[in-house]
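# Observations on the model geometry
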Amino acid sequence: MRLRRITARRSSVHGKGLFALQPIAAGDRLIGYKGEVTSSRRAAASQQSENGHTFVFGLSDGRVIDGSRSGNSARFLNHACTPNCEAVEAGDRVFIHAVTAIKPGDELFIDYGLVVDGDVTEEVRKMYACHCGGSACRQSMLGETATSS
Ligand SMILES: [Zn+2]
C-alpha cells in the first residue's frame, strides 16, 4: 500500500491548501485534477459563489476543468508565482507533478497563469491579486499573456 503523500488543510495563503505528508521528489506525479470539463463561461458563472477561491483549471483548448463540480482535493492547490508543482495536460485530464523536491509539511503550489475573458481591468487584477509573498511575486495570479484575444 502506498502512503498518502498529500493532504488538504487550512493554508496561511488562502483558504485550504494542499500539503505534502511525505518527501516528494521532483517530477513525481502527485494527483489528477478532477472535475467537470466544461466551457469556461459556465464555470466562471458557477465560480461567483466560491468567494474568490479559484476552482477552475484552464485547458489549452479553451475549456476548463471545474473542480467545484465532482472535483477532488487538487482544487485546493493555491497559486504561487514560483511554484513547486506544475500541471501537465494529458487529453481531457490534468495531472499535478512536483517540479522541485518538496519536504513534508510544505504547501504545494502551482502557477495558475489565469486567463480571463474580456479586458483585464483594475477590478479583475484586484480579484486575482497574488499574496504568495515570493521574491519573484508578480502580484497577480493572471498569466503573463492574459490579454483578450
Ligand atoms: Zn505571487
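Residues numbered from 1 in each chain as written. Predicted model: local features only at pLDDT ≥ 70, side-chain atom pairs only at ≥ 80, totals over all residues. Heavy atoms only, no water.

Under an unreviewed UniProt entry, the name given to the protein chain is SET domain-containing protein, and the organism recorded is Paraburkholderia podalyriae.

### What to know about unusual backbone geometry
Quick note on the threshold: Think of it this way: any DSSP run of H or I at least four residues long counts as a helix, any run of E at least two long counts as a strand, and we number them from the N terminus.
One non-glycine residue with positive phi stands out, namely Ser 70, at about 55°. Following the sequence through the fold, Ser 70 ends up in the loop between strand 6 (63–66) and strand 7 (78–79). Even without glycine at this site, Gln 139 takes up a positive phi of about 65°. Topologically, Gln 139 is positioned in the segment after helix 2 (122–127).

### Thoughts on the coordination of the zinc ion
Quick reminder of the rule: Metal coordination here is assigned from N, O and S atoms located within 2.8 Å of the ion, or within 3.2 Å for Na, K and Ca; omission of water means that sites may look incomplete. Site shape is set this way: if four donors have all angles between 85 and 135 degrees, tetrahedral; if opposite donors are over 155 degrees apart and all others between 65 and 115, square planar for four donors and octahedral for six; otherwise irregular.
The zinc ion binds to the protein through Cys 81 (SG), Cys 130 (SG), Cys 132 (SG) and Cys 137 (SG); the donor distances cover 2.2 to 2.4 Å. One can describe the donor arrangement at the zinc ion as tetrahedral, given that its 4 donor atoms subtend angles of 103 to 114° at the metal. Read in sequence order, the donor residues for the zinc ion give the motif C-x48-C-x1-C-x4-C.

### Some details on the sheet that holds strand 4 (residues 36–39)
To keep it simple, the criterion reads: Strands pair, by our definition, only if DSSP identifies at least two bridges between them. Helix axes use the C-alpha atoms of the stretch in contact, all axes being lines fitted to C-alpha atoms, and the angles between their N-to-C directions lie in the range 0 to 180 degrees.
Ordered by their spatial adjacency, 3 strands build an open sheet running 4-6-5, and the pairing between neighbours is antiparallel. The sheet is open, and its two edges are formed by strand 4 and strand 5 (56–58), each paired on a single side. Taking each pair of neighbouring strands and ignoring which way they run, the sheet shows an average axis angle of 35°. Where strand 4 lies against strand 6, 4 bridges are found, and the strand directions are antiparallel.

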